Amino acid sequence: MDRVAGAAALLGGILLVYTGWKLDPGTPRLPGPGFFPLLIALSMGGLGARLFFRPGPSEAPPRPGVSRWTPFIVALLSLIGYVATLTGLGYLLATFAFLVIQFRWVEGQRWVTSLATAALAAGISLMLFRVLLKVPLPVGILPLPKGW
Amino acid sequence: MAGLLSALTPLNLLYVFCGVLIGTVIGVLPGLGPTASIALLLPATVGMDMVSSLIFLAGIYYGAMYGGSTTSILVNIPGEAASVITCLDGYKMARQGRAGAALGMAAFGSFVGGTLGVFAVMLISPFLAEAALKFGPAEMFALLFFAFTCIGTLVGKSVARGLLMAVLGLLLGVVGTDEIHGVDRYTFGTLYLRDGIGLVPLAMGIFGLGEILFNIEQREKTGSILKAPKNLLPTREDWKRSLWPMLRGSGLGFGIGVLPGGMPAVASLMSYAVEKRVSKSPERFGQGAIEGVAGPETANNAATAGGFVPLLTLGIPTNSVLALLLAALMLHGVTPGPLLLIKWPNVFWGVIASMYIGNLMLLVLNLPLIGLFVQILRVPYAILSPLIIMFVLLGAYGLNNSIPDVLMTIFFGVLGYLLRRFSFEPAPLVLAFVLGPMMELNLSKALILFGTGNPLHFFTRPISGVLLASALAVLFYPLIRRLWSKGPR
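Residues numbered from 1 in each chain as written. Chains lettered and ligands numbered in written order. Predicted model: local features only at pLDDT ≥ 70, side-chain atom pairs only at ≥ 80, totals over all residues.

### Focus: the overall build of chain A
Here's step 1: Tallying secondary structure elements over chain A gives 5 helices and 1 strand in all.
Here's step 2: In sequence order, chain A lays out its α and β elements as α-α-β-α-α-α.
Here's step 3: Taken across its 148 residues, chain A has 36% of its residues classed as buried.
Here's step 4: Looking at chain A alone, contacts between residues at least 24 apart form 56% of all its contacts between residues at least 6 apart. (Helix = DSSP H or I, 4+ residues; strand = E, 2+ residues; numbered from the N terminus. Buried ≥ 20, exposed ≤ 12 C-beta atoms within 10 Å, placed from the backbone. Contact = placed C-beta atoms within 7 Å.)

### What about the interface of chain A and chain B?
Much of the literature gives interface size as the accessible area that the parts lose upon coming together.
Here's step 1: With 49 residues of chain A at the interface, the matching set in chain B holds 44 residues.
Here's step 2: Residue assignment for the side of chain A that touches chain B shows that the elements contributing at least two residues are helix 1 (2-22), helix 2 (35-53), strand 1 (66-67), helix 3 (69-89), helix 4 (91-106) and helix 5 (111-132) of chain A.
Here's step 3: The dominant element in the side of chain A that touches chain B, judged by the number of residues it contributes, is helix 3 of chain A, at 9 residues.
Here's step 4: Grouping the constituent residues of the side of chain A that touches chain B by class yields 31 nonpolar, 12 polar and 6 charged. (Nonpolar A, V, L, I, M, F, W, Y, C, P; charged D, E, K, R; others polar.)

### Considering the packing of helix 4 (residues 50-75) of chain B against helix 16 (residues 345-375) of chain B
When two helices pack together, their arrangement is given by the angle between their axes and by how far apart the axes lie.
Residues and elements named next belong to chain B.
Here's step 1: The contact between helix 4 and helix 16 brings their axes to 8 Å, and the two run at 35°. The handedness of the crossing between helix 4 and helix 16 is right-handed. Counting all contacts with helix 4, which are made through Met 50, Val 51, Leu 54, Ile 55, Ala 58, Gly 59, Tyr 62, Gly 63, Tyr 66, Thr 70 and Leu 74, the residues of helix 16 involved are Asn 346, Val 347, Gly 350, Val 351, Ser 354, Met 355, Gly 358, Asn 359, Met 361, Leu 362, Asn 366 and Phe 373. (Axes fitted to C-alpha atoms, helices over the stretch in contact; angles between N-to-C directions. Left-handed = near helix turned anticlockwise from the far one by under 90°.)

### With respect to helix 10 (residues 236-258) of chain B
Here's step 1: Taking 1.5 Å as the rise per residue, helix 10 of chain B with 23 residues should run 33 Å; its terminal C-alpha atoms sit 33 Å apart, in good agreement.
Here's step 2: Approximately 35° is the largest bend angle found in helix 10 of chain B, and it occurs at Ser 242 of chain B, with the proline Pro 245 of chain B only one to four residues beyond. (Expected span 1.5 Å × (residues − 1). Bend = angle between axes of the 7 residues up to and from the residue.)

### A word on the domain arrangement of chain A
Here's step 1: When its domains are assigned, chain A resolves into domain 1 (2-53) and domain 2 (69-132).
Here's step 2: Using only C-alpha atoms to locate each centre, domain 1 of chain A and domain 2 of chain A end up separated by 41 Å. (Domains from an automatic or database assignment.)

### So, the confidence of the model for chain A
Here's step 1: Summarising the model, chain A shows a mean pLDDT of 85, and 89% of its residues fall at 70 or more.
Here's step 2: Taken element by element, chain A is modelled with least confidence in strand 1 of chain A, mean pLDDT 65, and with most confidence in helix 4 of chain A, mean pLDDT 93. (pLDDT = per-residue confidence, 0-100.)

### Things to note about the confidence of the model for chain B
Here's step 1: For chain B, the average pLDDT comes to 81, and 88% of its residues sit at 70 or higher.
Here's step 2: The weakest mean pLDDT in chain B belongs to helix 1 (residues 2-6) of chain B at 63; the strongest belongs to helix 18 (residues 403-421) of chain B at 92.

Written out as C-alpha cells, the structure reads:
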C-alpha cells in the first residue's frame, strides 16, 4: 500500500508543480498565488518518493472482520439517492425513505423496527431543526402543519 | 470587587447557566458552531446589562468547546477543530467501554484549564500582552510550521504517511480564492469551491461518515463496535495519569491562546504532541490513553481563556468568536484596550468572574449529564449508525441550506472510508487543513516584510528561529538517530 500511495503522491506532486507554475509562484520576495501550492507539490513529491522507494512494513488490516460489500454499496447508493431526492420529496419523506433503507437493508433490522425508528427519527429531527432551530429544511411534496 | 460581585447576582448566574447550556447543545449538534450561534444571539443581548451580555456569550463559547468534545468521544465526530485531537483517544476509550471516564476527564480537564487560565488572565495580562505583540507573521508561521510537523510525526505509526496526510490537508486548504491575490485555485470553474472547502463537511465526512462506512463494510463477526460502558467517572489510576498532562496543558494552552492567531486547535494538538513525547509508554497513544484526552482538553480551554488577554488589554480578538465578543463590548460603548482596567474596571473583573463561573457551571451541568450521554452508547450500533448519518447530513445541509455541502460531506465520507481501509490516519489531514491557510498567509506576509526574499531571515529572529529549528529537529530526529546508531565503529 505504501508503494501505491507513494506513486500516487509522486504523480500528484508532478501535477501540482505544473498547476502551481501556471498559477504564478511569484518570487520569494513577493510570493504569488502558486507559491504555496508549489511548496506543497515539492513536499508531496518528496514524501511520495520516500514511501515508494522505502515502503514501511505491510500492516495487518485494521480490524479482522467480514467484508460486507452489498450493505456497503446499498449504503453508498442510498446516500446518493437521498441527496437526489431531498429537495424534490422534502426532508421528511426523503429522510424516512433513507432511514428505512439503512435500517432494513444495511443493518438488517426487521420491518417493524425499521419503519417505526425511521418515522420517529425523521419526525423528531424535523421538529428539532425546522420548528425549534428554524433551519429551513426542504418541504417537498408533503404539506406540513402551519408554522412548521 | 463590584465587577466580581455583579457576576454573582441570581440573574447573571441564570445567564451563565443558559449560556453554558445553549453552548453545550450547540457543540453537540453537528453543523452548528459557537461563531454562528453567538452572531445570531448577539442582537438579543443589546437590551441586557453589559456584564450580563458578556457572561451569557462567554458561557456559549465554553459550552460549545465542551460539547464538541462530547461528540468526538461518543461518535468520533469533532464538533470543533479543537476537538479533532480528542477523537484519537477519546473515541477509542468509548469503544473500550470507557466513555464515562473520557467524558469525565474532558469535563475536569476543561475546568482545570479554564480556571488556571482565568487566574493567569487576572495576574499577568498586561505583561503577556506586551510579549504577545512581539509575535509577528514570521513567528506565527514558525509556530504553525512547528505544529504542522508535530501533526505529521506524532500522530499515527508511520511518519511519512502522517506527513503525507498533513500535506494533503494543506492542499485541500488551498482550494478556493487566494486571500492575498484574489485568484481562484483548484475551483474547477465552480462557484461553490470559490469559498473553499468547509471544515464542517470535511470533518464530519472524514470522521463521522467515513467511520460508519468503514464499520458497515468491515463489520466484525462477533461482538459489537462499541463495548457497553463501564465506570461513569475516571478512576484513581486515570487521575494519576492525567494530573501532569492537565497542568502542562494549562500552561501550554494559555501561552498559545495569548498569541494573535493562537487557536485552541493548535493548543490541543501541541499538548497531545508533548504528552506523547514525555510519556513512558507512547505506544498507548491513539489506543485509548487518557492522557490523550486530559492534556488536549485542558489545553484548548486554557487557550480559550488566554485569548481574552489580547482582547481585553489590547482590543485584539484572536479568533472569530472573540471578534464577536469585541463587538458585544463595543455595542455597550466599551472600547477594550490598555485603559479598560482604569476606565471600566467593573467590565474587566465582571468578564474575569464570568469566565470562572462559566467554567464551574460547565462542570456542574455536564458531570450529571455524563450518565445520560453514555446511555447513548447502549443503543445498538445497528440503530445508532443510521441516526448518526442522518445527523451528519442534516448538519451539513443546515450550514448553508445547500445540497453541494451534503455532496461534499459524502465525498469526504468516502475518502475517510478509504483512508481507514488502507490504514491512513485522518486526523493529520483535518488538522493541517485548519492550519494551512494561516500558515500560507503568515508565510507570505513574512516574506514580503523581509523584503529580501531570503528565507534564512526566519532564523535571524529569535522566536521564529527557535521554533523552526525545533520543527526541523522533530522532522529529522528519526533520520539523525538512525545515522548516529550506524556511526563510525
